[in-house]
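So the chains spell out like this:
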Amino acid sequence: MGFEEFLGVNPWTALFTLANTVTLFLVLKKMLFKPVMKMIEDRQNEIDEMYQKADDSKRQAEALQTQYEEKFALASQEAERVVKEAVVRGQNREMEIIRQANEEAAAIREKASADIAQEKKKAVAEAKGEISDLAMEIAEKVIERSLDRNDQKRLVDGFISQLGDVQ
């Protein structure tokens, strides 16, 4: 009995087993490993492509963010300019309203002065008329006679002229 019986290994069986294993390995390599490796390689390519797309998207997002920040800065400047213009227009409008109010007040003062002057003239004329009537009555009583038309006129004109000189 020997070695073969002790281990229970037949060399021919071992050789066939080895040949079957090598054949199985070659068949699996051809039929299984190559497709599996191709599938792994394709998947790796997809992953690489996804990473590339993600990097591209990130660069685009950064570019868009930069554009947004620039546009926001321009919009802020534009808004500031519009506000400043509105303030200036408001101040100009305020000055215009004040100017118009001053002009209207001056016109009202002038009209009031003209009305006062006219009312004064009217009051003076009425006063002259009343004074002349009174003067005539007094003069008639003092003279106790009735004055004719020419005398009355002369007395009234003299009195009015003296009254006008007093003013």
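Remember, it's a predicted structure, so these values are computed and weren't measured experimentally.

J.: Could you give an account of the environment of Glu85, with specific residues and numbers?
T.: Looking at where Glu85 falls in the secondary structure, it is placed in helix α2 (residues 11-143). For Glu85, the side chain forms a polar contact with the side chain of Arg81, separated by 2.3 Å.

J.: Before we move on, can you summarise the pattern of salt bridges with the specific residues and values?
T.: Per the counting criterion, the structure on display carries ten salt bridges. Asp56 is the salt-bridge partner of Arg59, the closest N and O atoms lying 2.5 Å from each other. You can see Arg59 and its partner Asp56 sitting in helix α2, three residues apart, about one turn around the helix. The class for Asp56 is partly exposed, based on a relative accessible area of 31%. Asp115 is the salt-bridge partner of Lys111, the closest N and O atoms lying 3.1 Å from each other. Note that Lys111 and Asp115 are positioned in helix α2 at a spacing of four residues, about one turn of the helix. Take Lys111: its relative accessible area is 53%, and that puts it in the exposed class. Bridged by salt links that share partners, the residues Glu78, Arg81 and Glu85 form one connected network.

J.: A description of the confidence of the model for the protein should follow, citing residues and the corresponding values.
T.: Summary statistics for the protein give a mean pLDDT of 84 and a share of 86% for residues scoring 70 or more. Highest mean pLDDT in the protein belongs to α2 (89); lowest belongs to helix α1 (residues 3-7) (60).

J.: Quick rundown of a negative patch on the surface? Include the residues and the values.
T.: Residues Glu119, Glu126, Glu130, Asp133 and Glu137 make up a contiguous surface patch of negative charge. Counting through the fold element by element, Glu137 comes out in helix α2.

J.: Could you give me a rundown of the packing of aromatic side chains, with the residues and numbers involved?
T.: Tallied over the entire structure, the rule returns two aromatic pairs. With a centroid separation of 6.2 Å and 25° between ring planes, the pair formed by Tyr68 and Phe72 is classed as stacked. Of this pair, Tyr68 and Phe72 both sit in helix α2, four residues apart, which is roughly one turn of the helix. Judged by relative accessible area, Tyr68 falls into the exposed class, the value being 54%.

Here is what the cut-offs are and how they apply
Residues numbered from 1 in each chain as written. Predicted model: local features only at pLDDT ≥ 70, side-chain atom pairs only at ≥ 80, totals over all residues. Heavy atoms only, no water. Helix = DSSP H or I, 4+ residues; strand = E, 2+ residues; numbered from the N terminus. Polar contact = N/O pair within 3.5 Å; in protein donor to acceptor, adjacent residues only side chain to side chain. Salt bridge = Lys/Arg side-chain N within 4 Å of Asp/Glu carboxyl O. Buried < 20%, exposed > 50% of the residue type's maximum accessible area, 1.4 Å probe, protein only. pLDDT = per-residue confidence, 0-100. Patch = residues over 30% accessible without salt bridge, like charges linked within 9 Å, V, L, I, M, F, W, Y side chains within 5 Å. Areas by Shrake-Rupley, 256 points an atom, 1.4 Å probe, with all protein chains shown as cover. Lys, Arg positive; Asp, Glu negative; His and termini not counted. Charge placed at Lys NZ, Arg CZ, Asp CG, Glu CD. Phe/Tyr/Trp six-rings, centres within 6.5 Å; stacked < 30°, edge-to-face > 60°.

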